[in-house]
Amino acid sequence: MSTAVAAYDPIGIEPAPAPIPGRRNVLLVGSLLACAAGTALLGALLGGYFSARDVARAANQPWPGENLVLPNVALFVTYIGLLLSSFTAQWALAAIKLDDRRQAYLAFASTIGLGLLFVNGMTFCWTRMGLAVGDSPFATHMYAVTVTHALVVIAAIVAWVVVGFRVLGGQFSPRNSEPIAAAIVVWHFVVASGLVIWWCLWFLEGGPG
Amino acid sequence: MAMTETRPAAASAEDAAPAPAAPVEPAGLAGWLTTSDHKRVGRMWIATSLAFLLVGGVLGELLGAERLDSGADLLKDGTFPQIYTLHAEAAVLLFLVPFFIGLATYLVPLQVGSPEIAFPRGSATAYWGYLVSGLLLCASYVADGGITGTTSTAVDLYLLSLILVAGSLAIGALSAVTTVLTMRAPGLTLLRTPMLSWSVLVGGGLLLIQLPVLVARLIGIFLEHHLAGALPDGAYDGIAWFWSQPTVYLAGVFAAGVLLDVVPTLAARPLRFPVAGISVIGLLGILSIGGWVLDPAATDDLLYVGMGLAAVLPALALLGVLGDTARAGSPRLVAPLVLSLGSALLLLAGAAAGAVGVIEPLELAGTTWDAGQQHLVLMGAGGLAAFAALWFWAPKLWGAALSDKAGYLVALLVLGGTVLLAGPDLFNGASEDLPRGAIEFDATDTTKALNGVSAAGGALAALGAIVAIGAVVAAGRRRGTADADPWGGGASFEWTTSSPPPAHNFDETPEVTA
């Protein structure tokens, strides 16, 4: 009696199509394009902020506002924390490339944790300022920029959680690390844009220095 | 792993390279609602955008009727400016841009030899976002919204739905651009990539950096309106820049891509200078970067004037490249070619009108000259290119060729209609200083007569759109009757597969070998 091996076909579905040949870093390129769009969005919001500031200053109106005390220490800690997350993000990629899973888990957890700390820090800073949206042109534009950026950070955290679960599932290896590289591109973008916003909104308006 | 008693039958020669099987999709409505197949999604983009074209056309006719005389009062107080803005938004953000994104969603994977689009679920999500937000946008106008609306919540709904429209279009563009960059078949270098895909790369890239600027401006307007209860100064200009100089030439980018694919195929002669074609698309793209005109002082800037004047160059170059190809080949005067020629001529006319419009001493800014120029580029060049694409790629899109006679009729109606619509606006703007979008104006006999001609032109163009949609519907009933390469000599990958293509586009991975 002879036996033969047949394809495993438990529910009768047809086989999946062959992998796409010549597929080159789809996720990475898509992420770069999304970052370009995000740069345009945040850049245009900052443009609107500076335009409103010029109008206010031309009309001799106070900017950012009378008796407004910026929580500079809290802002500094919040944004420095975000900057640190760039290093932990890069650490995640290095760990995957070395196939060191323990370090990869740690790096992912650190990056996501620092991202959550940033969101928490921003909400603390908003509360400390005591400004309501619409109180002044500064408040309106400041919230437009910083809330949009915080939403982008939250989106990046979600992306990192998804990729992190796939790391836990053992999906990536030194030869298959493109999704992590894509997630890192997005993370570096949110960090870089955060630092630009910190400089434009807080440092130029009387921040530490 | 399952074990069987008998040996599987040996594959026959015919079965040696079976077509990759498609994932099973639900049939009927559930299939359409849940699909991520780029061909289905692309067809939905195109069909929905054509429906919105009808909306825009009807609104345009209402505007034309109202402008037959000063203070004609055919529309209720306050309705005219609402219809005016919805007409523009429907024409550009709900028809023209989504149409080309739909065309890209359907055709780019086929042109680059890929079995699917990049981020297929993102592409499908973008379509549903566009459909829902487009309907919400129209609903907000019904509820007295729009940028000139008086019901606060409806205005908020209008702004939010416009943000969602822009976001959806950006995701659709991202999907298509990523496909061009990363999913090309072996041997298909960027220089060998078909011109439509090139225009998607350039135009889609521009959408990715210009739509976020529109979103940012809309966020600013929304916050001021929602919190302060009043719209900021220049709120409409903060939206209308998207279809004004210089951004208006974004339509030219997509039109050039269509024309540079259609004419060489129908002339049975490849482009002699493909780099020239790519340069035309690239130059049109550079000249259509327009978010910076949100600065009120920008229109006095030398850069603004220079970009307006320079736009004539790529339009002329496009005609030159197409003419050279046609002269060297043996063009067949079929409907897509006629529609393409009309599009190229109107792009040149629109670019020329734009160049004159930026000359400050002529004081044409803010007059109906602007409207005439926009109609030439958007409805003339962009609309005719869209119809040329529909006729040219109909065998792939619908599995059946569109009627050639209907194509000639569409070309005649839309070309003639656009000239009649735009010509009087250009004249009224230049000689009568008639303000753009004005309901009350100095109504001389000449102005009234010209406005009548303009309204008739708009009606002809709208009739052309109806004929085009009718031809598509008729073709849908003959599905499956077209050959793989009905034009004979199609050089890009989409013509190597059946019409319409199978689920995974190609039975074998295509490869460029020469």
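This text goes with the structure placed above it.
Residues numbered from 1 in each chain as written. Chains lettered and ligands numbered in written order. Predicted model: local features only at pLDDT ≥ 70, side-chain atom pairs only at ≥ 80, totals over all residues.

## So, the overall build of chain B
Stated precisely, the cut-off is as follows: Secondary structure is summarised from DSSP: a helix means a run of H or I of at least four residues, a strand means a run of E of at least two, and numbering begins at the N terminus for each. It is over C-alpha atoms that the radius of gyration is taken, and the globule rule equals 2.2 Å times the number of residues to the power 0.38. Residues with at least 20 neighbouring C-beta atoms inside 10 Å of their own are called buried, those with 12 or fewer are called exposed, and the rest are partly exposed, where every C-beta is derived from the backbone. Here contacts are defined at the residue level, using C-beta atoms placed from the backbone and a cut-off of 7 Å between them.
From N to C terminus, chain B includes 15 helices and one strand. Relative to the compact-globule value of 24 Å for 514 residues, chain B shows a C-alpha radius of gyration of 23 Å, a close match. Judged by the C-alpha coordinates and their principal axes, chain B covers about 90 × 55 × 40 Å. Within chain B, the fraction of its 514 residues that count as buried is 57%. In chain B, of all internal contacts separated by at least 6 residues, the share reaching a separation of at least 24 is 84%.

## Let's talk about the environment of Ile221(B)
Residues and elements named next belong to chain B. Residue placement: isoleucine 221 occurs in helix 6 (residues 195–228). Looking at isoleucine 221, the number of C-beta atoms within 10 Å reads 23, which means it is buried. Residues isoleucine 221 and leucine 159, 62 residues apart in the sequence, show an inter-C-alpha distance of 7.9 Å.

## With respect to the packing of helix 1 (residues 26–58) of chain A against helix 5 (residues 152–182) of chain B
To characterise two packed helices, one gives the angle between the axes of the helices and the distance between these axes. Going by this rule: As a rule, the C-alpha atoms of each element are fitted with a line to give its axis, helices using only the stretch in contact, and angles between N-to-C directions run from 0 to 180 degrees. Should an angle fall under 35 degrees it is taken as roughly parallel, and over 145 as roughly antiparallel, whereas 65 to 115 is taken as roughly perpendicular and any remaining angle as oblique. Two helices crossing with the near one rotated counterclockwise from the far one by less than a right angle form a left-handed crossing, whereas a clockwise rotation gives a right-handed crossing. For this scheme, ten residues count as nonpolar: Ala, Val, Leu, Ile, Met, Phe, Trp, Tyr, Cys and Pro. Four count as charged, namely Asp, Glu, Lys and Arg, and the remainder, Gly too, count as polar.
Interhelical geometry of helix 1 of chain A versus helix 5 of chain B gives an angle of 135° and a closest axis separation of 9 Å. In terms of axis orientation, helix 1 of chain A runs oblique to helix 5 of chain B. Between helix 1 of chain A and helix 5 of chain B lies a crossing of right-handed hand. Of the residues in helix 5 of chain B, those touching helix 1 of chain A at Val26(A), Val29(A), Gly30(A), Leu33(A), Ala34(A) and Ala37(A) are Ala170(B), Leu174(B), Val177(B), Thr178(B), Leu181(B) and Thr182(B). For the contact of helix 1 of chain A with helix 5 of chain B, a count of residues per class yields nine nonpolar, three polar and no charged.

## Let's talk about the packing of helix 3 (residues 101–129) of chain A against helix 4 (residues 137–168) of chain A
Residue and element names in this part refer to chain A. Where helix 3 meets helix 4, the closest approach of the two axes is 10 Å, and the angle between their N-to-C directions is 160°. If you check the angle between helix 3 and helix 4, you find them roughly antiparallel. Regarding helix 3 and helix 4, the two cross each other, and that crossing is left-handed. In this structure, helix 3 uses Ala104, Tyr105, Phe108, Thr111, Ile112, Gly115, Leu116, Phe118, Val119 and Met122 to contact helix 4, whose residues at the interface are Thr146, Ala150, Val153, Ile154, Ala156, Ile157, Trp160, Val161, Gly164 and Val167. A breakdown of the residues in the contact of helix 3 with helix 4 according to their chemical character gives 16 nonpolar, four polar and no charged.

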